[in-house]
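Letter by letter, the chains look like this.
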Amino acid sequence: MTIETSELITDIGELTTQADGEPRRPDRAVLMQGGRIRWIGSAANAPAADTRVSVGGRAVLPGWVDSHTHLLFAGDRSAEFEARMQGQPYAAGGIRQTVEATRAATEAELESNLRRLGAEALAQGTTFLETKTGYGLDVDSEARTARIGARHADVVSFLGAHVVPDGIDVRDYLDLVTGPMLTAVRPWVSFIDVFCENGAFDVEQSREVLLAGRTAGLGLRVHGNQLGHGGGIALAVELGAASVDHCNVVSPADLAALAASGTVATVLPACDLSTRQPLAPARRLLDAGVTVAIATNCNPGTSYTTSMQFCVATAVLQMELTVEEAVWAATRGGAQALQRDTGPDAVGSLVVGGRADLQVLDAPSVAHLAYRPGVPLTIAVWQHGQRMPRPSGLPGTTR
Ligand SMILES: N=CN[C@@H](CCC(=O)O)C(=O)O
Ligand SMILES: [Zn+2]
């Protein structure tokens, strides 16, 4: 539902628009109507509006664009996490445990989990969300999760090529993914994704999956170079993928190829911490001229967080990004990774005529996102120009 009456957000202490070349500015106001931004300017010159909301000198910025999550799952892998914290390495095999739980779950359970995590993300400022299939891994289960995903996420990616499930040979599984499974999910997905890594799919297998997706009219994304030099970055660049995600292990050749391409490198700081991997070299990527996005990779195995703020803070504190670089990567960078940063439905920036997706921080500046790590700073969110209610709290809580 869009709001037809006009609403002015005023007394903005610091406005980050992410419009090309626009710096953070003090004393701003933003007028919204019909789900879109109608005017941005000095608070002193603000036009009349049906309603006015003073944010009392706080910082306002675009809502986060979380371009990489896996929210279509059931079950819990906290035991695997605890084992990792006792020194066990991460291996792709844990995915099969979630596959078993996801197949056994009802549609209502899967949908309720997705809604719960989506609401958690929204309350923390995420106004645009990608999610993936990849825990069904048979035709009906992948189609079911794709369908549920399309009801609640903004973008759904098909990740049938996550791992080869038990009980099927890899050749037969590839035929399924690139044939009946792709056909079954096609109405609900806009990208195809593949886990190109030792223990998952090699480069040739990944290429076959991506090319089948392209033939079906899907955009391409790749999980690449997370655990080793699996060739995912080179393949993503070769095929003109929208993004290659993880990028922990980056060779000089990968760096040069990425820098010369239009492929976004998406780093996943919470995943790196939760798997005790060396952090992705985001600083090196940026210095080489690569476009970098930041996402949560929220999933039950390697990164069970919906907090983009945590990822931004980690990118600043541990990956050596500046605050502005990290905030850009988590807004416009994410939009670019999803090929949604231009045109009338662009997200990740605040521009006149564009979508009114924004968040207010309980802080005077975006610097506080990293300066106050661990403190949830988002206190209000507008999505499509509509103010989002705060979550109601624990199940059973009444107000
Ligand atoms: N790396 C591949 N897939 C997920 C992990 C999924 C899992 O372990 O359940 C990821 O992006 O980290
Ligand atoms: Zn992932």
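Cut-offs and rules
Residues numbered from 1 in each chain as written. Chains lettered and ligands numbered in written order. Predicted model: local features only at pLDDT ≥ 70, side-chain atom pairs only at ≥ 80, totals over all residues. Heavy atoms only, no water. Pairing = 2+ DSSP bridges. Helix = DSSP H or I, 4+ residues; strand = E, 2+ residues; numbered from the N terminus. Axes fitted to C-alpha atoms, helices over the stretch in contact; angles between N-to-C directions. Contact = heavy atoms within 4.5 Å. Domains from an automatic or database assignment. Buried area = accessible area lost by both parts, 1.4 Å probe. Salt bridge = Lys/Arg side-chain N within 4 Å of Asp/Glu carboxyl O. Polar contact = N/O pair within 3.5 Å; in protein donor to acceptor, adjacent residues only side chain to side chain. 1 Å grid on protein atoms, 1.4 Å probe; cavity = no way out; pocket = protein on both sides within 12 Å on 5 of 7 lines; lining within 4 Å. Points joined across faces, edges and corners; volume = space filled by probe spheres on them. Nonpolar A, V, L, I, M, F, W, Y, C, P; charged D, E, K, R; others polar. Buried < 20%, exposed > 50% of the residue type's maximum accessible area, 1.4 Å probe, protein only. UniProt positions renumbered as here; feature names shortened; annotations may be inferred. Donors = N, O, S within 2.8 Å, 3.2 Å for Na, K, Ca; no water. Core = buried A, V, L, I, M, F, W, Y, C linked by side-chain atoms within 4.5 Å.

(A) Representation of the sheet that holds strand 7 (residues 64-66) in the model. The strand order across the open sheet formed by eight strands is 7-8-9-10-11-12-13-14, and the pairing between neighbours is parallel. The outermost strands of the open sheet, each flanked by one partner alone, are strand 7 and strand 14 (292-294). Across the sheet, the mean angle from the axis of one strand to that of its neighbour is 25°, orientation sign disregarded. Against the sheet, helix 5 (residues 170-185) engages strand 9 (155-161) and strand 10 (191-196), with an angle of about 155° to strand 9.

(B) View of the domain arrangement of the chain. When its domains are assigned, the chain resolves into domain 1 (7-62 + 348-387) and domain 2 (64-337). Taking only C-alpha atoms into account, the centre of domain 1 sits 30 Å from that of domain 2. The interface of domain 1 with domain 2 comprises 24 residues on the first partner and 20 residues on the second. Across the domain 1 to domain 2 interface the summed buried area is about 1700 Å²; carbon plus sulfur atoms make up 57%. It is Gln18, Leu369 and Ala370 in domain 1 that bury the most area against domain 2; as a group they hold 30% of the surface buried on that side. Taken together, domain 1 and domain 2 are joined by two salt bridges. Salt-bridge contacts for Arg24 lead to Glu324; the nearest nitrogen and oxygen are separated by 2.7 Å. At the junction of domain 1 and domain 2, the tally comes to eight residue pairs in polar contact (both at pLDDT 80 or more).

(C) Focus on empty space enclosed by the protein. Tallied over the entire structure, the rule returns two cavities of 30 Å³ or more. If you add up the space inside the largest cavity, you get close to 110 Å³. For the largest cavity, the lining is made up of 14 residues, of which His70, Tyr90, His162, Asn299 and Thr302 are closest to its centre. Classifying every residue of the lining of the largest cavity by side-chain character gives four nonpolar, nine polar and one charged.

(D) Just the side chain of Thr69, in detail. Summarising the element assignment, Thr69 is placed in the loop between strand 7 and helix 1 (78-85). The exposure class of Thr69 is buried, given its relative accessible area of 1%. Among the polar contacts made by the side chain of Thr69, one reaches the main-chain carbonyl oxygen of Glu130 at a distance of 2.6 Å. Contact partners of Thr69, with chain neighbours within four places excluded, come to Leu129, Glu130, Thr131, Lys132, Thr296, Asn297 and Cys298.

(E) Quick look at the UniProt feature "binding site: N-formimidoyl-L-glutamate" (unreviewed entry) in the chain. Using the residue numbers shown here, the UniProt feature "binding site: N-formimidoyl-L-glutamate" (unreviewed entry) corresponds to Tyr135, Asn299 and Gly301. These annotated residues cover 167 residues of sequence, and their C-alpha atoms lie no more than 11.2 Å from one another, placing them together at a single site. From the list above, the largest cavity is lined by Tyr135, Asn299 and Gly301. Among the secondary structure elements, Tyr135 is positioned in the loop between strand 8 (126-132) and helix 4 (139-152). Sequence-distant contacts of Tyr135, that is, excluding residues within four places in its chain, are made with His70, Leu72, Phe73, Arg77, Ile95, Thr98, Val99, Thr102, Glu142, His162, Asn299 and Pro300. Within the secondary structure, Gly301 is located in the loop between strand 14 and helix 11 (308-317). The exposure class assigned to Gly301 is buried, which follows from its relative accessible area of 5%. Those residues in contact with Gly301, other than ones at most four positions away along the chain, are Arg77, Glu80 and Arg84.

(F) Fine view of the coordination of the zinc ion (ligand 2). At 2.0 to 2.6 Å from the zinc ion (ligand 2) lie its protein donor atoms, namely His68 (NE2), His70 (NE2), His223 (NE2) and Asn297 (OD1). Written as a sequence motif, the donor arrangement for the zinc ion (ligand 2) is H-x1-H-x152-H-x73-N. Here His223 lies in strand 11 (residues 219-224) and His70 lies in the loop between strand 7 and helix 1, a separation of 153 residues in the sequence. His223 gets classed as buried once you look at its relative accessible area, which sits at 3%.

(G) Up close: the nonpolar core. Core analysis: the biggest nonpolar cluster contains 84 residues, and Leu285 and Ile294 have the highest contact counts within it. Each of domain 1 (7-62 + 348-387) and domain 2 (64-337) accounts for three or more of the residues forming this core. In contact with Leu285, other than residues within four places in its own chain, are Val250, Leu255, Leu258, Ala265, Val267, Val290 and Val292. Of all hydrophobic cores here, the second largest spans 15 residues; its members include Ile9, Val30, Met32 and Val53.

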